[in-house]
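Analysis of the macromolecular model
So you can see what is in the structure, the chains are spelled out below.
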Amino acid sequence: MTTLTAWASYEDTRLCEDRMTQQIDRRSLLAGAALGGATLAGADARAQLGTAPASREIYELRTYHLVNGPMKKRLDAYLQNAFIPAARRAGCGPVGVFTVTIGPGSPSVHVLVPHPSIADFIALPDRLATDPSYAKAAAPFSNATPDGPPYASLDVKLMRAFPHFPRVELPDASGGNKARIFELRTYFSHSDKAGTTKIGMFDTGGEIEIFRRTGLKPVFFAQDLTGSRLPSLTYLLTFPDLATRERNWSTFAADPAWRQLIATPGLTDPEITTGIENQILSPTAYSQI
């Protein structure tokens, strides 16, 4: 992915997002969710008051595809000792590092890098290149030979945080590296209008509030700026364990406000989503999320 490609995609998406409030009728968005009135009305009031922060993080999601064997050890050494310290010095982070435990893509490692802005995303390679501590720590990675590579291939996806969820929310369990798992989910839509409607359903329509109330603890919500199946959005949830995940998703699915929201004409899954992908992730011992 080139810098110009990322920037062009960002500009197109920004213009689409700036028209979000004109494309979404919030009254109809909330019409079917009367049982969650207090929560949903609160979200709608914040939107009408214009309280969304002006600054939203840009998320870089790196996916290192591996081959079973010593690759993982080499990649871990680079991320822990070279990349993460240098990225934090450059103003990025906290940086999350996760392995795929359930779902497509294993073995692979996801690296989530929050950037303060698109300019910081663009500037990071130059900042790393002029960081002598990074150059020294990254030498084994940078000088890897074809018979000892640290990864097989690399994908990079760029995302922009939702207006009313502008920054990563760190799980309490990240302090002290307590036991926790994550669920990475991506929703696909058939058109920009449908994708924008789904974003509004989360961001100002009350769905995130229902998530929180039913035990689905979010880490970030973002609109995808790059990817092979745009338009799409991606979010990350965290749980103590798989049993808690199953229990909380069941609570969410039975929630009266959610049942009415998802039944609202114009908001049903067949109308605005074409598919969902999800993975269960485990954080590495050095992950900051």
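Structure's up top.
Our subject in this report is the structure included herewith. Worth saying up front: this structure is predicted, and the values here are computed from it rather than measured. (Residues numbered from 1 in each chain as written. Predicted model: local features only at pLDDT ≥ 70, side-chain atom pairs only at ≥ 80, totals over all residues. Heavy atoms only, no water.)

1. A short note on the sheet that holds strand β3 (residues 108-115)
Within a beta sheet, neighbouring strands are joined by backbone hydrogen bonds and run either parallel or antiparallel to one another. Which entries qualify depends on this criterion: We call two strands paired when DSSP finds no fewer than two bridges between them. A helix here means a DSSP run of H or I that spans at least four residues, while a strand means a run of E at least two residues long, and both kinds are numbered starting from the N terminus. Structural elements are reduced to axes, namely lines fitted to C-alpha atoms, with helices fitted over the stretch in contact, and the angle between N-to-C directions of any two is expressed from 0 to 180 degrees.
Strand order around the closed barrel formed by eight strands is β1-β3-β2-β8-β5-β7-β6-β4, with antiparallel pairing between neighbours. Adjacent strand axes in the sheet meet at a mean angle of 35° when their direction is disregarded. Relative to β3, strand β2 (residues 96-102) is paired through four bridges, and the arrangement is antiparallel. For Phe98, the partnering residue across the bridge sits in β3 and is His110.

2. Topic: the nonpolar core
This is how the line gets drawn: In these notes, a set of buried Ala, Val, Leu, Ile, Met, Phe, Trp, Tyr and Cys residues joined through side-chain atoms within 4.5 Å is what counts as a nonpolar core. We call a residue buried when its accessible area falls under 20% of the maximum for its residue type, exposed when it is over 50%, and partly exposed in between, using a 1.4 Å probe and counting protein chains only. Contact criterion: two residues are considered in contact whenever any of their non-hydrogen atoms come within 4.5 Å of each other.
Phe162, Phe202, Phe211, Phe221, Tyr235 and Trp249 are the most contacted members of the largest nonpolar core, which has 26 residues in total. Among the secondary structure elements, those contributing two or more residues to this core are β5 (181-188), α9 (192-203), α10 (207-213), β7 (232-239), α11 (242-254) and α12 (256-262). Beyond its immediate stretch of four places on either side in the chain, Phe202 contacts Phe162, Tyr187, Glu207, Ile208, Phe211, Phe221, Leu233 and Tyr235. If you look at the next biggest cluster of nonpolar residues, it comprises 24 residues, including Val95, Val97, Val113 and Leu128.

3. Description of unusual backbone geometry
Of note, the bond from Gly93 into Pro94 is cis; its omega dihedral lies within 30 degrees of zero at 0°. Among the structural elements, Pro94 can be located in the loop between α5 (71-89) and β2. A cis amide bond links Leu230 with the next residue in sequence, Pro231, at an omega value of 0°. If you trace the backbone, Pro231 turns up in the loop between β6 (217-224) and β7.

4. A word on the environment of Leu170
Here Leu170 shows up in the loop between β4 (153-161) and β5. Spatially, the C-alpha atoms of Leu170 and Val219 are 6.3 Å apart, while their sequence positions differ by 49 residues. Not counting residues up to four positions away in its chain, the partners in contact with Leu170 are Pro94, Gln288 and Ile289.

5. Here we look at the pattern of salt bridges
Rules: A side-chain nitrogen of Lys or Arg and a carboxyl oxygen of Asp or Glu constitute a salt bridge if their distance falls within 4 Å.
Taken as a whole and judged by the stated rule, the model has 12 salt bridges. Note that Arg62 and Glu60 form a salt bridge whose closest N and O atoms lie 2.8 Å from each other. Judged by relative accessible area, Arg62 falls into the buried class, the value being 13%. Among the residues examined, Glu60 registers a relative accessible area of 5% and is labelled buried. Linking Arg212 and Glu169 is a salt bridge whose minimum nitrogen-to-oxygen distance equals 2.8 Å. Of this pair, Arg212 sits in helix α10 while Glu169 is found in the loop between β4 and β5, placing the two residues 43 residues apart along the sequence.

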